[in-house]
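# Chain and residue survey
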Amino acid sequence: MTESAAAAVTEHAANPAEVLMHHVTDSVWYTLHVGPLNLVITKHLVFFIGAAAVVLIATRLAIRSYREGGIPTGVGAAVESLVLFIRDEIAEPNIGHDGRKFTPLLCSFFFFILLAALIGLMPFSATPTANISVTLGLAIVSFVAMQYAGISKYGVIGHFKNLVPPGLPLFLLPIMIPVEILGIFTKPFALMVRLFANMLAGHMVITVLLMLIPIMASANVLFGWAVIPVSLGLALFIMLLELLVALIQAYIFTLLTAIFIGMFAHPAH
């Protein structure tokens, strides 16, 4: 290897921006060729499937933990307490008597987002909800649930009529109709961006804190040794904070989805 090539490799490896983006962005792990199709298996896809599998396994274990008297034990008791909390404190207060119908969907959102975030804190793992495509998919499901809540109750025409407040002066209709139609899409868009940004930001902060060690060491070896306890301490603090953030983000996404569904199921004009 020539000196210029070696220098280029060294510069590429020491580029903080590239190291940072490598840890927070998706990457291809394997490409499966099936006839004319090329199925790309990425890092986030693997952990997305893993998080979904953990949710399904935990659900089956919770169901099997019920005794003959209907009293859950172990995992079942923990899962039941969370399901009851989502039903009684999130679904029914915000959606009303239709809340029980949407409780399974809200529970799916909560458990998947929570477990995906917790799995992402493990070494050599990734957080699928830090991928905008995953949060887009969750937002689309939420969007469909919102429209279903209104259409199933009022019909297609009645659902869209409810978007405009009754008794509104005619001259305001050209302004209010586009605003209300835009509001239909801004609600799931806000869910998508909020979850994506919060999950991505935490991992970027942890990566930047850990990168301080090689960056300072490249300037001076003593600086590198001196910054190790500070960098590791702050990174550990942020990781512990991410445990709380994972729970908060799962709760907020579930709560806002319930609020938005309730707005379409019971338009308050």
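Remember, it's a predicted structure, so these values are computed and weren't measured experimentally.

Rules of the game
- Residues numbered from 1 in each chain as written.
- Predicted model: local features only at pLDDT ≥ 70, side-chain atom pairs only at ≥ 80, totals over all residues.
- Heavy atoms only, no water.
- Helix = DSSP H or I, 4+ residues; strand = E, 2+ residues; numbered from the N terminus.
- Buried < 20%, exposed > 50% of the residue type's maximum accessible area, 1.4 Å probe, protein only.
- Contact = heavy atoms within 4.5 Å.
- Areas by Shrake-Rupley, 256 points an atom, 1.4 Å probe, with all protein chains shown as cover.
- Core = buried A, V, L, I, M, F, W, Y, C linked by side-chain atoms within 4.5 Å.
- Salt bridge = Lys/Arg side-chain N within 4 Å of Asp/Glu carboxyl O.
- Pairing = 2+ DSSP bridges.
- Expected span 1.5 Å × (residues − 1).
- Bend = angle between axes of the 7 residues up to and from the residue.
- Axes fitted to C-alpha atoms, helices over the stretch in contact; angles between N-to-C directions.
- Parallel < 35°, antiparallel > 145°, perpendicular 65-115°, else oblique.
- Left-handed = near helix turned anticlockwise from the far one by under 90°.
- Nonpolar A, V, L, I, M, F, W, Y, C, P; charged D, E, K, R; others polar.
- pLDDT = per-residue confidence, 0-100.
- Polar contact = N/O pair within 3.5 Å; in protein donor to acceptor, adjacent residues only side chain to side chain.

Moving on, we get to the overall build of the protein. Of the regular secondary structure elements, the protein holds eight helices and two strands. Taken from N to C terminus, the helices and strands of the protein fall in the order α-α-β-β-α-α-α-α-α-α. Scored against the burial criterion, the 269 residues of the protein give a buried share of 33%. The long-range share in the protein, meaning contacts at least 24 apart out of those at least 6 apart in sequence, stands at 67%. Counting every atom, the protein has about 15,600 Å² of accessible surface; 75% of that belongs to carbon and sulfur.

So, about the nonpolar core. Counting 42 residues, the largest nonpolar core has Leu-106, Phe-112, Ile-113, Leu-138, Phe-253 and Ile-261 as the members making the most contacts within it. Of all the secondary structure elements, the ones that give two or more residues to this core are helix H3 (43-64), helix H4 (75-95), helix H5 (99-119), helix H6 (132-161), helix H7 (173-219) and helix H8 (221-265). Sorting elements by how many residues they give to this core places H5 first, with twelve residues. In contact with Phe-253, not counting residues within four places along its chain, are Phe-109, Ile-113, Leu-138, Ala-139, Leu-191 and Leu-195.

Once that is clear, we can look at the pattern of salt bridges. For side chains bearing opposite charge, pairing can occur when the charged atoms are close. Considering all chains together, one arrives at three salt bridges under this definition. Note that Arg-100 is salt-bridged to Glu-92, the shortest N-O span being 2.9 Å. Looking at Arg-100, the relative accessible area reads 51%, which means it is exposed. Glu-92 sits in the partly exposed class, given a relative accessible area of 28%.

Okay, the pairing of strand E1 (residues 28-34) next. Taken together, the six bridges between E1 and strand E2 (residues 37-42) define a ladder with antiparallel strand orientation. In the sheet register, Tyr-30 faces E2, and the bridge partner there is Ile-41. In this structure, the hairpin formed by E1 and E2 is closed by a connection of two residues, where Gly-35 is found at a positive phi of approximately 60°.

Its 45 residues give H8 an end-to-end C-alpha distance of 63 Å, which sits within 8% of 66 Å, the value for a rise of 1.5 Å per residue. The axis of H8 is deflected most strongly, by about 40°, at Val-227, and proline Pro-229 appears within four residues downstream.

Turning to the packing of H6 against H7, a few remarks are in order. Where H6 meets H7, the axes come as close as 8 Å, and the angle between the chain directions of the two elements is 155°. In terms of orientation, H6 lies roughly antiparallel with respect to H7. The interaxial crossing formed by H6 with H7 has right-handed handedness. Contacts from Ile-132, Thr-135, Leu-136, Leu-138, Ala-139, Ser-142, Phe-143, Met-146, Gln-147 and Phe-160 in H6 reach Ile-184, Phe-185, Lys-187, Pro-188, Leu-191, Met-192, Leu-195 and Phe-196 in H7. Partitioned by chemical class, the residues of the contact of H6 with H7 number 14 nonpolar, three polar and one charged.

Overall, the predicted model of the protein reaches an average pLDDT of 83, with 90% of residues at or above 70. In the model of the protein, helix H1 (residues 3-13) stands out as the element of lowest mean pLDDT, 43, in contrast to H5, which has the highest, 93. The model gives residues 1-14 a pLDDT under 50, and that stretch makes four contacts with residues more than four places away or in other chains.

With that settled, consider H7. The end-to-end C-alpha distance of H7 is 64 Å, a good match for the 69 Å that 47 residues give at a rise of 1.5 Å each. Approximately 30° is the largest bend angle found in H7, and it occurs at Leu-212, with the proline Pro-214 only one to four residues beyond.

We now examine the side chain of Asn-131. Within the element layout of this structure, Asn-131 appears in the loop between H5 and H6. Given the relative accessible area of 13%, Asn-131 is considered buried. Within the structure, Asn-131 has its side chain in polar contact with the side chain of His-44 (distance 2.9 Å). A polar atom in the side chain of Asn-131 sits 2.8 Å from the backbone nitrogen of Ser-133. Filtering out sequence-adjacent residues up to four positions away, Asn-131 remains in contact with Asp-26, His-44 and Phe-196.

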